Amino acid sequence: MSGWDFDALSALLERRYSCRAFRAEPVPAEAIERIVAAAGRAPSWCNAQPWQAVVTRGDETGRFRRALLAAVAEGPPAPDMPWPEDYPGVHGVRRRICGQQLYEAVGIARGDRAARDAQMMRNFHLFDAPHVAIIHSEAALGPYGAMDCGGFVTAFMLAATALGVASVAQASVVAYPGAIRAHFGLPDSRQLLCAISFGYAEEGDAANGFRTGRAGLDDILDLRG
Ligand SMILES: Cc1cc2nc3c(=O)[nH]c(=O)nc-3n(C[C@H](O)[C@H](O)[C@H](O)COP(=O)(O)O)c2cc1C
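So, here's what we can say about the structure. It should be emphasised that the depicted structure is a prediction, and the values quoted were computed from it without experimental measurement. (Residues numbered from 1 in each chain as written. Predicted model: local features only at pLDDT ≥ 70, side-chain atom pairs only at ≥ 80, totals over all residues. Heavy atoms only, no water.)

A word on the packing of helix α1 (residues 3-15) against helix α6 (residues 142-162). Contact geometry of α1 with α6 gives a least axis separation of 9 Å together with a crossing angle of 100 degrees. What the angle tells us is that α1 and α6 run roughly perpendicular. Residues L9, L12, L13 and R15 of α1 lie in contact with α6, whose contacting residues are L158, T161 and A162. Residue composition of the contact of α1 with α6, grouped by class: 5 nonpolar, 1 polar and 1 charged. (Axes fitted to C-alpha atoms, helices over the stretch in contact; angles between N-to-C directions. Helix = DSSP H or I, 4+ residues; strand = E, 2+ residues; numbered from the N terminus. Parallel < 35°, antiparallel > 145°, perpendicular 65-115°, else oblique. Contact = heavy atoms within 4.5 Å. Nonpolar A, V, L, I, M, F, W, Y, C, P; charged D, E, K, R; others polar.)

Structure follows, in structure tokens:
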């Protein structure tokens, strides 16, 4: 790989962030197709390519948002893929820090439960994004199908970044899989893994005004020999 390739990829990885406020302006269909086609180059075990993406645009995004909000009101969440049971040690610390960064950015005071809940509800409004992609896999492929789809999700968000399109992955949205499958007419054999709300960033919005940190290389790499 040439230095140019590495620099270009690093720049994309640096530039991508989770966008939580979008402009209404739609992304052209051609750009959506390019993003999904590029993401489809992600590797998967046996090249099974378990991912499929329902992508909404126009009025359909609003219809889906209303169906999702109705499902949330009925509750409780029941995701196809169980949420983590715990975030032990440093993982819990990182989780808390990224939450605090968001609350500080949008001016939510420590302990203001109502404001936190309102911010959390923004997930189900898709942060006003004009599009959402629902990523689903063949349930029979189990955890490896989910793992393959994780690669697809990352590739999707990097491809979007390369076209100036902002995005946020959302596990929260697919916590209501029954209602989502019913809305889109998906069979029970498709496991819902993640949503990606996307569009053009509302640059000045406070929710987009912070960037998360990362562990140092020493915390990740255990180079032997
Ligand atoms: C699988 C997955 C699920 C996520 N679910 C949510 C979510 O439901 N709501 C949300 O606001 N952010 C969600 N995120 C975004 C993460 O909080 C974010 O990626 C992380 O804090 C790192 O920040 P960055 O994306 O800005 O680099 C999710 C990210 C991933 C990869």
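Picking up where we left off.
This next bit is on the site of the ligand. Taken together, 14 residues lie around the ligand, and S18, R20, N123, S172 and R214 are the ones closest in. In the environment of the ligand, an oxygen atom lies 2.9 Å from a nitrogen or oxygen atom belonging to the side chain of R16. Protein chains bury 66% of the 620 Å² of accessible surface belonging to the ligand in isolation. Here the shell around the ligand is composed, by residue class, of 6 nonpolar, 5 polar and 3 charged. (Near = heavy atom within 4 Å. Polar contact = N/O pair within 3.5 Å; in protein donor to acceptor, adjacent residues only side chain to side chain. Areas by Shrake-Rupley, 256 points an atom, 1.4 Å probe, with all protein chains shown as cover.)

Quick look at the layout of surface pockets now. Estimated volume of the second largest pocket: approximately 190 Å³. R15, R16, Y17, R23, T161, G164, V165, A166, S167, Y200, A201 and E203 are the residues that line the second largest pocket. Of the residues in the lining of the second largest pocket, the class split is 5 nonpolar, 3 polar and 4 charged. (1 Å grid on protein atoms, 1.4 Å probe; cavity = no way out; pocket = protein on both sides within 12 Å on 5 of 7 lines; lining within 4 Å. Points joined across faces, edges and corners; volume = space filled by probe spheres on them.)

Attention now goes to the packing of helix α2 (residues 29-39) against α6. Here α2 crosses α6 at 140 degrees, and the two axes come no closer than 8 Å. Between α2 and α6, the angle falls in the class oblique. Seen along the crossing, α2 lies across α6 with a hand that is right-handed. Judged by residue contacts, I35, V36, A38 and A39 of α2 engage F152, A155, F156, A159 and A160 from α6. Looking at the contact of α2 with α6, its residues break down into 9 nonpolar, no polar and no charged. (Left-handed = near helix turned anticlockwise from the far one by under 90°.)

What follows covers the pattern of salt bridges. Taken as a whole and judged by the stated rule, the model has 8 salt bridges. Between E25 and R23 there is a salt bridge; the shortest N-O distance is 2.7 Å. The class for E25 is partly exposed, based on a relative accessible area of 39%. Taking the relative accessible area as the measure of exposure, R23 reaches 32% and is therefore partly exposed. E60 serves as the salt-bridge partner of R63, at 2.9 Å between the closest nitrogen and oxygen. One end of the pair, R63, and the other, E60, are both in helix α3 (residues 59-74), 3 residues apart, so they sit about a helical turn from each other. (Salt bridge = Lys/Arg side-chain N within 4 Å of Asp/Glu carboxyl O. Buried < 20%, exposed > 50% of the residue type's maximum accessible area, 1.4 Å probe, protein only.)

This part takes up a nonpolar patch on the surface. Judged by side-chain polarity, L217, I220, L221 and L223 come together as a nonpolar surface patch covering roughly 480 Å² of accessible area. Relative to the assigned elements, L221 resides in the segment after α8 (217-220). (Patch = residues over 30% accessible without salt bridge, like charges linked within 9 Å, V, L, I, M, F, W, Y side chains within 5 Å.)

Where two aromatic rings form a pair, the distance of their centres and the angle of their planes describe that pair. All chains considered together, the criterion is met by 6 aromatic pairs. Measuring from centroid to centroid gives 5.0 Å for F64 and F184, while their planes differ by 25 degrees, and the two rings are stacked. In this pair, F64 is assigned in helix α3 and F184 in helix α7 (residues 177-184), connecting sequence segments 120 residues apart. Each member of the pair F64 and F184 is classed as buried. (Phe/Tyr/Trp six-rings, centres within 6.5 Å; stacked < 30°, edge-to-face > 60°.)

Within soluble globular proteins, side chains that are nonpolar generally end up buried alongside one another. With 23 residues, the main nonpolar core has V27, I135, F156, V165, I196 and F198 as its most contacted residues. Elements that contribute at least two residues to this core include exactly α2, β2 (131-138), α6 and β4 (190-199). In terms of residue count, the dominant contributor to this core is α6 (8 residues). With 18 residues, the next largest nonpolar core counts F124, L126, V174 and Y176 among its residues. (Core = buried A, V, L, I, M, F, W, Y, C linked by side-chain atoms within 4.5 Å.)

In short, geometric facts, not functional conclusions.
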